[in-house]
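Listed below, chain by chain, are the residues.
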Amino acid sequence: MNQKVRVRFAPSPTGALHIGGVRTALYNYLFARQHGGDMLLRIEDTDSTRFVPGAEQYIIEALDWLGIEIDEGICLSAPNGKGEHGPYRQSERREIYHRYVQQLLDSGHAYYAFDTPEALEQKRKEIANFQYDARTRGEMDNSLTRPMQEVKERIAQGEKYVVRFKIEPGEEVVVHDLIRGDVSIMSDILDDKVLYKSADDLPTYHLANIVDDHLMEVTHVIRGEEWLPSAPLHVLLYRAFGWTDTMPQFAHLPLLLKPDGNGKLSKRDGDRLGFPVFPLEFHNQKEGTVSRGYREDGYFPEAVINFLALLGWHNTGDQELYTMQELIDQFSLERVSKAGAKFDYEKGKWFNHQYLIRRSDDELATLFRPIALQHLNDLNIADTPAAQHALEQLPQIVGLLKERVNFVSELWEQADFFFVAPTQFDPKSVQKRWKEDSSQRMQELLALLEKEDDWTAEHLDSIVMPWIAENDYGVGNVMNAFRVCLVGAARGPHIWAITDILGKEETIARTRQSLNYLSK
RNA sequence: GGUGCUAUCGUCUAGUGGCCUAGGACAACGGCCUCUCACGCCGUAAACCCCGGUUCGAGUCCGGGUAGCACUACCA
């Protein structure tokens, strides 16, 4: 009797969704889809002090852009959650948590504690490595050390308190991890974690997480490695609740590391090294900052997915390019690597390039058009005949140049000369390609071309090449000079591809104009 | 400090005891192609953290080091 697979992605709305979080969401999604299971999205907003407005909306928009579909919980089509196990925002589940906190209190697995944050800090200062546990709770201010009557009164009077999990020492706790195997620790090293705080009437992550995963019938918890140390605590909680039979399986994913040096990838690394660490641009109202996003930087969502999928997972073969469906078919937790992966931004660009060149010319032209128009407007040349003419030929232009860019936006610096005749010439190119006899050759070439009505690449080639050969001018000598006239530099596609798009009139006019300038 | 996790080219990784003279990809470099620049193709350089052990045989198994990372909050 195989239970239906149910996984969840449970981010906190404390800011933009980090790219590492995106990968966690992706792996959860791939796993769910492969097993015909459900992907849930739950918002873990149990820290009222770190809440950032807009973060939740950002998260669901980001997942939607990437094609990570949510079956249950908070999603774009159901901002307040859909499914039988709601609410899906932890701040809306207070009554539920009350019930379970009480259960732990009643069964003796938890107790009230009144120690103020200040008192605890003081304690930590006094005693090195202070830990609130079996060794120390006897001398702290809690329901284990105070008479029941006093505890009741203080709570009734509104004194702030927390509920702590009572951890029994001397026990070996084993967590079976799907990626790492058995991980065991002694319960002694665990502290009596706070499960609930009366100050904001909210549980902490640990309690909410266990209760929700249980109630939502989550079968597999796939999360970042930073959770591995607290996994034993979670196992203990399942035990305390008597839910060991239905405890989910755990899989702790390796971390995404800084491209240089060590440590996990942070927002600062992106700023420092010049790449986004967030899927979408994010305007943080709380901090008044704007963070770059992959979408706004010109990435295709499928490239980001592909890139991220391979940062920590790899199949046995040499395949590098995967569609979402292929990932769903081939993904497996067993093949997720154990070690952290440095974030290789350069390879990310390559992935985008791969997806870009696979897009049709028409599609790319549609994406490029607004960018081209923006440049034309900035240069104030949108209405020129040359620009209009180039705009009409956008698919051809894009098709000619897409091999040489990683992003649609980079197309402009490759295609600019199609829209406007060179106004300045690259000195290096001129020095190398514009020779003593270039003016003379261009005059002759112009005379030759002006006579031609058949402006196809094949035809022009068939009359110009023999002419060069007969006069022994040298193909490179003529063509490179011609290129400098048309482009203003030694770059660009094949010369007849350029004349083809420019058309006869523009080619002649432009060459004459450049010739004039370069002959001076 | 404590606990845990991890360890193959600069980077992502393949490798599950003999197919390893360690494979692929990104990046780098060189060449070819060629009217330029790209693309493409071909090639070069580049790694098993160290020390023991097991074994006929170890990148692969075991132990110990070392190093890196994570956690160590009334944050998630």
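This one's a predicted model, so the numbers in the text were calculated from it and none came from an experiment.

Secondary structure summary: chain A contains 20 helices and 16 strands in total. Relative to the compact-globule value of 24 Å for 520 residues, chain A shows a C-alpha radius of gyration of 32 Å, a clear excess of over 25%. Taken along its principal axes, the extent of the C-alpha atoms in chain A is 110 × 50 × 40 Å. For chain A, with 520 residues in total, the buried portion stands at 36%. Of the contacts made within chain A by residues no fewer than 6 positions apart, 75% connect residues no fewer than 24 positions apart.

Moving on, we come to the nonpolar core. Core analysis: the largest hydrophobic core is formed by 95 residues, its most contacted members being Leu26, Ile397 and Phe482. At 9 residues, helix H1 (residues 19–34) tops the list of elements feeding residues into this core. If near-sequence neighbours (up to four positions away) are discounted, isoleucine 397 is found in contact with Ala390, Ala415, Phe418 and Ile501. Ranked by size, the runner-up nonpolar core spans 25 residues in total, among them Tyr100, Tyr112, Tyr196 and Leu237.

A word on the sheet that holds strand E6 (residues 162–165). Pairing within the open sheet is antiparallel, and its 4 strands lie in the order E5-E6-E9-E10. Each edge of the open sheet carries a strand with a single partner, namely strand E5 (110–113) and strand E10 (202–203). As paired elements, E6 and strand E9 (residues 194–197) share 3 bridges and run antiparallel to each other. Residue arginine 164 lies in a different strand from E9, and its bridge partner there is valine 194.

What follows covers helix H3 (residues 94–106). The first and last C-alpha atoms of H3 sit 18 Å apart over 13 residues, in line with the 18 Å expected at 1.5 Å per residue. Every buried residue of H3 is accounted for by Tyr97, Tyr100 and Leu104. Here the buried residues of H3 occupy an arc of 70° about the axis, which is enough to place them on one side. The outward face of H3, more than 90 degrees from its buried face, is lined by the exposed residues Glu95, Arg99 and Asp106.

This brings us to the protein's contact with RNA strand B. Around RNA strand B, a shell composed of 62 residues is seen, among which Glu44, Asn262, Ala339, Arg404 and Ala490 lie nearest. Elements with a minimum of two residues in the surface near RNA strand B: helix H4 (117–126), strand E8 (181–186), E9, strand E16 (341–342), helix H11 (345–358), helix H19 (475–487) and helix H20 (495–519). For the surface near RNA strand B, the per-class residue count stands at 23 nonpolar, 17 polar and 22 charged.

For the rest of this paragraph, the subject is helix H7 (residues 231–241). When we look at burial in H7, the residues that qualify are Pro232, Leu233, His234, Leu236, Leu237 and Ala240. Backbone geometry just downstream of H7 places glycine 242 in the positive-phi region, at approximately 80°.

We now examine the pairing of E9. Summarising the sheet, E9 and E10 pair through 2 bridges and their orientation is antiparallel. Following the sheet pairing, lysine 197 is matched in E10 by leucine 202.

Attention now moves to unusual backbone geometry. The peptide bond linking glycine 86 to proline 87 adopts the cis configuration, its omega dihedral lying at -5°. When you line up the elements, proline 87 lands in the loop between strand E4 (78–82) and H3. The backbone of aspartate 472 shows a phi angle near 60°, a positive value even though the residue is not glycine. With respect to the secondary-structure elements, aspartate 472 resides in the loop between helix H18 (457–471) and H19. You can call aspartate 472 exposed: it has 7 C-beta atoms within 10 Å.

With that out of the way, let us pick up the environment of glycine 242. With respect to the helices, strands and loops of the structure, glycine 242 is situated in the loop between H7 and strand E12 (249–253). Classification of glycine 242 as exposed rests on a count of 10 C-beta atoms within 10 Å. Distance from glycine 242 to aspartate 213, taken between C-alpha atoms, is 14 Å for residues 29 residues apart in sequence.

Close contact between helix H17 (residues 438–450) and H20 brings their axes to 10 Å; oriented N to C, the two are set at 165°. In terms of axis orientation, H17 runs roughly antiparallel to H20. Crossing of H17 over H20 shows left-handed handedness. Contact residues: H17 offers Ser439, Met442, Leu446, Leu449 and Glu450, while H20 offers Ile508, Thr511, Arg512, Leu515 and Ser519. When its residues are assigned to classes, the contact of H17 with H20 shows 5 nonpolar, 3 polar and 2 charged.

For glutamine 513, the position within the fold is in helix H20. Judged by C-beta crowding, with 14 C-beta atoms within 10 Å, glutamine 513 ranks as partly exposed. Taking the C-alpha atoms as reference points, glutamine 513 and glutamate 413, separated by 100 residues in sequence, lie 22 Å from one another.

To continue, consider the pairing of strand E3 (residues 72–75). Bridge analysis of strand E2 (residues 38–41) against E3 gives 2 bridges, and the strand direction is parallel. Bridge pairing in E3 places leucine 40 opposite glutamate 72. Where E3 lies against E4, 2 bridges are found, and the strand directions are antiparallel. Paired with glycine 73 across the strands is lysine 82, a residue of E4. Between the end of E3 and the start of E4, which pair antiparallel, lie 2 residues.

The next thing to look at is the packing of H1 against helix H9 (residues 301–309). For the pair H1 and H9, interaxial distance at closest approach is 10 Å and the crossing angle is 85°. Between H1 and H9, the crossing angle belongs to the class labelled roughly perpendicular. Contact residues: H1 offers Val22, Arg23 and Leu26, while H9 offers Ile305, Leu308 and Ala309. Residues of the contact of H1 with H9, tallied by class, amount to 5 nonpolar, no polar and 1 charged.

Bringing the confidence of the model for chain A into the picture now. The predicted model of chain A averages 93 in pLDDT, with 100% of residues at 70 or higher. Ranking the elements of chain A by mean pLDDT puts helix H16 (residues 427–433) last, at 85, and strand E1 (residues 6–9) first, at 98. Overall fold confidence for the complex sits at a pTM of 0.94, while the interface term, ipTM, reaches 0.95.

Thresholds, definitions, all that
- Residues numbered from 1 in each chain as written.
- Chains lettered and ligands numbered in written order.
- Predicted model: local features only at pLDDT ≥ 70, side-chain atom pairs only at ≥ 80, totals over all residues.
- Helix = DSSP H or I, 4+ residues; strand = E, 2+ residues; numbered from the N terminus.
- Rg over C-alpha atoms; globule rule 2.2 N^0.38 Å.
- Buried ≥ 20, exposed ≤ 12 C-beta atoms within 10 Å, placed from the backbone.
- Contact = placed C-beta atoms within 7 Å.
- Core = buried A, V, L, I, M, F, W, Y, C linked by C-beta atoms within 7 Å.
- Pairing = 2+ DSSP bridges.
- Expected span 1.5 Å × (residues − 1).
- Arc of directions from axis to C-beta.
- Near = placed C-beta within 6 Å.
- Nonpolar A, V, L, I, M, F, W, Y, C, P; charged D, E, K, R; others polar.
- Axes fitted to C-alpha atoms, helices over the stretch in contact; angles between N-to-C directions.
- Parallel < 35°, antiparallel > 145°, perpendicular 65-115°, else oblique.
- Left-handed = near helix turned anticlockwise from the far one by under 90°.
- pLDDT = per-residue confidence, 0-100.

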